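Below are the chains, spelled out letter by letter.
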Amino acid sequence: MNSSVRVKINSLLAGPAGFRGVESIRDGNKLIPLYFLEDKMVKIKKVYEYEFEHIKNKLDFLIGNYATYNEYYLIEIFMNDNYILLGLQVVTGGIFPNVEIICNNILVTAGNYFYVFDENVKPIKSYTCEAAIFEMKVLDNTVIVYNELDIICLDKDMNIIWKREFQDIMDIYSIDNDFIKLVCNDEDIIININSGYKM
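Definitions and cut-offs
- Residues numbered from 1 in each chain as written.
- Predicted model: local features only at pLDDT ≥ 70, side-chain atom pairs only at ≥ 80, totals over all residues.
- Heavy atoms only, no water.
- Helix = DSSP H or I, 4+ residues; strand = E, 2+ residues; numbered from the N terminus.
- Buried < 20%, exposed > 50% of the residue type's maximum accessible area, 1.4 Å probe, protein only.
- Contact = heavy atoms within 4.5 Å.
- Areas by Shrake-Rupley, 256 points an atom, 1.4 Å probe, with all protein chains shown as cover.
- Pairing = 2+ DSSP bridges.
- Axes fitted to C-alpha atoms, helices over the stretch in contact; angles between N-to-C directions.
- Salt bridge = Lys/Arg side-chain N within 4 Å of Asp/Glu carboxyl O.
- Core = buried A, V, L, I, M, F, W, Y, C linked by side-chain atoms within 4.5 Å.

Caption draft 1: View of the overall build of the protein. When its secondary structure is counted, the protein shows one helix and 19 strands. Taken over 199 residues, the protein has a buried fraction of 46%. Long-range contacts, defined here as pairs at least 24 residues apart, represent 37% of the contacts in the protein between residues at least 6 apart. About 10,700 Å² of surface is accessible on the protein, with carbon and sulfur atoms providing 46% of the total.

This is the structure:
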């Protein structure tokens, strides 16, 4: 199974031990995203500010700065017999944080932050964008990180291969190993993954 593939089936998740139910958080009927990446497990939980402050000194790493309009998240990662706890205090605009694990590197997108950590939770790379980061797509040889205005293409060592910035909001509707297909200003655009240039 590819290390970047997540398997979700409604409220059940497929992992090394078979299917498991998604844990429910205390407030409301929201579900905590809990998923398996090969032998690794990732759990993301949105918490209240007072809960976050209570556990802040136990974090392995804190992403973001304090602001009155922050949202607060805890990311628990179980990998290589280690337990890792990351804290996020970010403005996400309602977009849930995203975590991927590639070759024991931990990739996290939250708000306008994109971080890469090694297995010892040492930051290897960090990037910021003008707008909130929407998604992260792991391909065979590259990682695509994008929002409504920016596309960043990185190699598997997390070095930037190219970056495209748009003046107007764009909507990506397809990403594969060769091309990114998007719409911007009612124009269909195809971008070559290798070069970053329009076709």
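Caption draft 2: Region of the structure containing the sheet that holds strand β11 (residues 113-117). A sheet is described by the order of its strands in space; here four strands give the open sequence β9-β10-β11-β12, paired in antiparallel fashion. Each edge of the sheet is formed by a strand with only one pairing partner; in this case those strands are β9 (98-102) and β12 (123-128). Each adjacent strand pair in this sheet contributes to an overall mean axis angle of 15 degrees, direction not counted. Pairing of strand β10 (residues 105-110) with β11, which is carried by five bridges, proceeds in the antiparallel orientation. By the bridge assignment for β11, L107 is matched with V116.

Caption draft 3: Quick look at the pattern of salt bridges. What the rule picks out here adds up to four salt bridges. K43 is the salt-bridge partner of E76, the closest N and O atoms lying 3.6 Å from each other. Of this pair, E76 sits in strand β7 (residues 71-79) while K43 sits in strand β5 (residues 40-47); the two residues are 33 residues apart in sequence, bridging distant segments of the chain. For K43, a relative accessible area of 14% translates into the label buried. Where E53 meets K56, a salt bridge forms, and the shortest distance between an N and an O atom there is 3.1 Å. Overall, the relative accessible area of 37% leaves E53 in the partly exposed class.

Caption draft 4: Region of the structure containing the nonpolar core. Counting 20 residues, the largest nonpolar core has I75, I77 and V108 as its most contacted members. Membership of the second largest hydrophobic core comes to 16 residues, among which are W162, M170, C184 and I191.

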